[in-house]
Structure formats: C-alpha cells, structure tokens
Amino acid sequence: VIRFRLIPDFGGLLNKRVKINFYEDIPVITPRHEPLELISNRVIKRGFDIVFSMMVISLIFPILFPVLAILIKISSKGPVFFKQLRTGKDNKSFYCYKFRTMRINNDSDKKQAIKGDDRITKLGAFMRKTSIDELPQFFNVLPVSYTHLT
C-alpha cells in the first residue's frame, strides 16, 4: 500500500492574516483579500464598465462597424457577427458576439481555431491579432441588473 500525503508550504502565510473557509469538511485557506468582495468596489467597477462600454459603443463602434462589416462581407460569405453560447456568472448562459473571423464552417462551435487554421480569413487573422473581433462584446456589458453586483 502506498500512502500519499501533501504538505503545503505555509512559510509565506505565517506572518499574514489568512481567511479559512470550509468546503464540506475540507479547510481552504485564502491568503489575500479580494477587492471585489466589498459591495462598494463592485458598484464602482460596474459603473466604470458601463461608462467605458458606452464610450466605446458611441465613439468607436459607429466608425469601425460599417468599415468592418463591408470588409467581412467582401472577404467571405456569411454574417458579420459570430455568435457563441457561453456560460457566465451563476452558470447563466449568454451569447457572446464577435466579428466573424472565419469562413462559414460546420466546426466553428466544436473545434477551436489553431495557428495557421485555414478557416480564418486574412482579415480575420488581422482582427484576431489586434483583438478588433472582440469589440461587439462591449454590448454584453450593458444589460443593467443588480445581479452583476451580487
């Protein structure tokens, strides 16, 4: 019989205050305070997220969207946006929108893109490299709900 034991190194924690929670009968040590544990910090962050998203949507999106929409349509057939079901806070599902960077294919929801993937268009490769394809996600921030604070 082989017995396995794990001995954590608490050397760096001995001079700090730590928080101990229990998950069933297992003690879990939290070595640092998380700023978003405070409701005031969550409110400030949520406010910043909304204001920043509104600025991006109102200042950048109106200029960039028409240009990208035309370029995406020229580079390949299909919709301008790619929509993927994701799981968010409290395991609630939501659609994550991005500018489409791949040619239409049956594997887009099942197979992750890899380097040199022939499904990615040339424009798509540029958008991925610069993260421009992520811009529509600013719309996901806007549904105002108190569930973001809890």
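Our structure is the block above this text.
Note on numbering: residues in each chain are counted from 1, in written sequence order. Whole-chain, interface and lining totals are the exception, using all residues; otherwise, since this is a predicted model, local features are given only for residues with pLDDT of at least 70 and side-chain atom pairs are given and counted only at 80 or more. To obtain the side-chain values, all non-hydrogen atoms of the structure were included, while hydrogens and water were left out.

J.: I tried to follow the overall build of the protein chain on my own but got confused; where do I start?
T.: Per the convention used, a helix needs a DSSP run of H or I reaching at least four residues, while a strand needs a run of E reaching at least two, with both numbered from the N terminus. Helices and strands together make up the secondary structure of the protein chain, namely 2 helices and 4 strands. Helices (α) and strands (β) of the protein chain occur, in sequence order from the N terminus, as β-β-α-β-β-α. Buried means the residue's accessible area, taken with a 1.4 Å probe over protein chains only, is under 20% of the maximum for its type, while exposed means over 50%, and partly exposed covers the values in between. When each of the 150 residues of the protein chain is scored for burial, the buried share is 19%. Taking all contacts inside the protein chain whose residues are at least 6 apart in sequence as the whole, residues at least 24 apart take part in 49%. We call two residues in contact when some of their heavy atoms are within 4.5 Å.

J.: What is the right way to look at the packing of aromatic side chains in this model?
T.: To describe a pair of aromatic rings, you give the distance between the ring centres and the angle between the ring planes. Stacked, edge-to-face and tilted are the three classes for Phe, Tyr and Trp ring pairs, Trp counted by its six-membered ring, which pair at centre distances within 6.5 Å; planes under 30 degrees apart are stacked, over 60 edge-to-face, the rest tilted. Per the stated rule, a full pass over the model turns up 8 aromatic pairs. Considering the side-chain rings of Phe48 and Phe52, the 5.6 Å spacing of their centres and the 15 degrees angle between planes classify their relative orientation as stacked. Residue Phe48 and its partner Phe52 are located together in helix α1 (residues 39-75), separated by 4 residues, close to a single helical turn. Consider the rings of Phe65 and Phe81, whose centres lie 5.7 Å apart with planes at 5 degrees: the pair is stacked.

J.: Sorry if this is basic, but what is going on with the pairing of strand β1 (residues 19-23) here?
T.: Side chains on a regular strand alternate between the two faces of the sheet. By definition, two strands form a pair when at least two bridges between them are found by DSSP. Relative to strand β2 (residues 26-30), β1 runs antiparallel, the two sharing 5 bridges. Looking at the pairing, Ile20 lines up with Ile29 of β2. In this antiparallel pair of consecutive strands, β1 and β2, the connection spans 2 residues, and Glu24 shows a positive phi of 60 degrees.

J.: Is there a simple way to think about the nonpolar core in this case?
T.: The tendency in soluble globular proteins is for nonpolar side chains to be buried as a group. Core analysis: the biggest nonpolar cluster contains 11 residues, these being Val56, Phe61, Leu68, Ala69, Ile72, Val80, Phe99, Leu123, Met127, Ile132 and Leu135. For this core, the secondary structure elements donating two or more residues are α1 and α2 (122-130). Looking at this core element by element, the count peaks at 5 residues for α1. In contact with Phe61, not counting residues within four places along its chain, are Val56, Pro66, Phe99, Leu135, Pro136 and Phe139. Working definition of a nonpolar core: buried Ala, Val, Leu, Ile, Met, Phe, Trp, Tyr and Cys residues. They are joined through side-chain atoms within 4.5 Å.

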